[in-house]
Amino acid sequence: MKPGFAAFLTTLALAALASPLAAQQAAPAKPAPAASASVPASGATAAPADEGLTGSVTDDSDWQDLGIAIPTFPTNETLPTAADGGNTEALGRNLARVIYGDLKSNGLFKPVGPDALPAIGFGEVTAPAFPNWRAKSAEMLVQGFVKAGADGRLTVGCYLYDVALGSELARQGYVVKPEEWRRAAHKCADMVYSRLSGESPFFDSKIAYIAETGPKDHRRKQLAIMDSDGANHRFITNGQATALTPRYSPDYSKIAYLSYLNGTPRIYVYDIGSGQQRLVTEGKGPTFAPRWSPDGKYILYSMAIAGNTDIYRVPATGGDSVKLTDSPGIDVGGSYSPDGQKIVFESDRSGSQQIYVMNADGTNQKRISFFGGRSATPEWSPRGDQIAFTHIAGNLRIAVMNPSGGEMRYLTDSWQDEAPTWSPNGRIVQFFRTAKTSGRTSIWQVDLTGRNERRLNTPVDASDPSWGPVLP
């Protein structure tokens, strides 16, 4: 369990009919990873698990935009809390706002948030006024509640209803510390997204990136992390040494990144739980792009020696490196397939930057990009079905192709987009964009249709994003 995040309820006991939403915490035997917990049943008819909508954001056809109403989450009693807003009534609105923002950002739905909807009473959470919502043309309804416990922790309930059928589709409950209230909102949005799209969740995740400040010729580059929606930002390094190309470990517990201090490249692993970092390897020459193996045991990186750059593999705990490529020119940017059997990388051995695939031991190297221009910074989708990369033909654009190099298509059409990284469910691609006039960098997301772009707010310029797995 991530430190600071309270275990989800093992059971939320059903209360008497006079108070259908009252909940009681059952003491857990020991801390457990975040998970769904039972919440009071609603009065609506529950739909069978195999009913409801399914779909995929990889579908190029227009999505049937779903109108989802998300009113403020009411509270049974307005009490002070250390969470944003200062009390449970204000927090209920903030919870609904985060859920609305999550569902709006992915382009699948047409949510209406709490600022444009009437408030509901506490008793309506499990007994929705379906005729009222039908009159507002809502197709789906997300309702919930928030309660403050005597220990200061918050209980959040989340319900998804099909308005036309008057039925409950899903519900979950969470108990969180006040400072972790946004996780409850992201988990609620994940539940709604997964139930309606049929896809895996991704909102309750974090992003590592490089925060950039200072003039163009003397940039200060720090390692930073934030939530998937750009909230809860914090710096990890102080900027005394230049930080580059961070990547989350598969179990989310660590971040590997490249650090340059006094011109010496080093690969470090930062432990998120302890805040400590460990040196993995110190390069003998220019070093680039550390990347984890799917099992977390190894880190790939590229190193230049005597003018030749090759890809190496080193144990994540440190030790001797093994060279995987040995061709003239530059081999860089290795990324494992999800099963750990193959590695995609870029090489200029053919005379220009192109994408290659090899076995995990370095054998059977072959080029897969044959569509003109140059191709760089490949990253394998966590689903294994696609590879995202930067295509350079005039402008720099984010593109995807299948692992054989076919079915290439663009996701962006800007001046300079590069360094794609995948959402945990493999349905959103994140990258950084450089503005043509100012040279300032920012982090963007785009879905696999290429139609829904979103810029993430960061306190300073941002580059080299890495989207971590869903939080435990």
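Residues numbered from 1 in each chain as written. Predicted model: local features only at pLDDT ≥ 70, side-chain atom pairs only at ≥ 80, totals over all residues. Heavy atoms only, no water.

Draft legend 1. Quick look at empty space enclosed by the protein. Tallied over the full model, the rule gives 2 cavities of 30 Å³ or more. Reported here for the largest cavity is a volume of approximately 60 Å³. What lines the largest cavity is simply Ser105, Asn106, Phe202, Ile428, Gln445, Val446, Asp447, Asn452, Glu453 and Arg454. Among the elements that line the lining of the largest cavity, the one with the most residues is strand S28 (residues 441-447), at 3 residues. Among the residues making up the lining of the largest cavity, the classes are represented as 3 nonpolar, 4 polar and 3 charged. Surrounding the second largest cavity, Asp102, Ser105, Phe202, Phe203, Ser228, Asp229, Gln445, Arg454 and Trp467 form its lining. A class-by-class count of the residues in the lining of the second largest cavity yields 3 nonpolar, 3 polar and 3 charged. (1 Å grid on protein atoms, 1.4 Å probe; cavity = no way out; pocket = protein on both sides within 12 Å on 5 of 7 lines; lining within 4 Å. Points joined across faces, edges and corners; volume = space filled by probe spheres on them. Helix = DSSP H or I, 4+ residues; strand = E, 2+ residues; numbered from the N terminus. Nonpolar A, V, L, I, M, F, W, Y, C, P; charged D, E, K, R; others polar.)

Draft legend 2. Representation of the pairing of strand S4 (residues 140-148) within the structure. When you tally the buried positions in S4, you get 8 out of 9 residues, the bulk of the element. Bridging between strand S2 (residues 66-69) and S4 involves 2 bridges; their strand directions are parallel. Counterpart to Ala69 in the pairing with S4 is Leu141. Relative to strand S5 (residues 154-162), S4 runs antiparallel, the two sharing 9 bridges. (Buried < 20%, exposed > 50% of the residue type's maximum accessible area, 1.4 Å probe, protein only. Pairing = 2+ DSSP bridges.)

Draft legend 3. A look at the side chain of Thr390. When you line up the elements, Thr390 lands in strand S23 (residues 387-393). A polar contact is formed between the side chain of Thr390 and the side chain of Thr377, at a distance of 2.6 Å. Within the local environment of Thr390, its side chain forms a polar contact with the backbone nitrogen of Ala419, the two atoms lying 3.2 Å apart. Contact partners of Thr390, with chain neighbours within four places excluded, come to Arg374, Ser375, Ala376, Thr377, Leu396, Arg397, Ile398, Asp417, Glu418, Ala419 and Pro420. (Polar contact = N/O pair within 3.5 Å; in protein donor to acceptor, adjacent residues only side chain to side chain. Contact = heavy atoms within 4.5 Å.)

Draft legend 4. Broad picture of the side chain of Asn94. Here Asn94 shows up in helix H1 (residues 88-105). The exposure class of Asn94 is buried, given its relative accessible area of 15%. For Asn94, the side chain forms a polar contact with the main-chain oxygen of Asp84, separated by 3.2 Å.

Draft legend 5. Quick peek at the environment of Ile299. Structurally, Ile299 is set in strand S15 (residues 298-305). In this structure, the C-alpha to C-alpha distance between Ile299 and Pro315, residues 16 residues apart in sequence, is 6.2 Å. Ignoring sequence-local partners within four residues, the contact set of Ile299 consists of Ala256, Val269, Val280, Pro290, Arg291, Trp292, Tyr312, Arg313, Val314 and Ala316.

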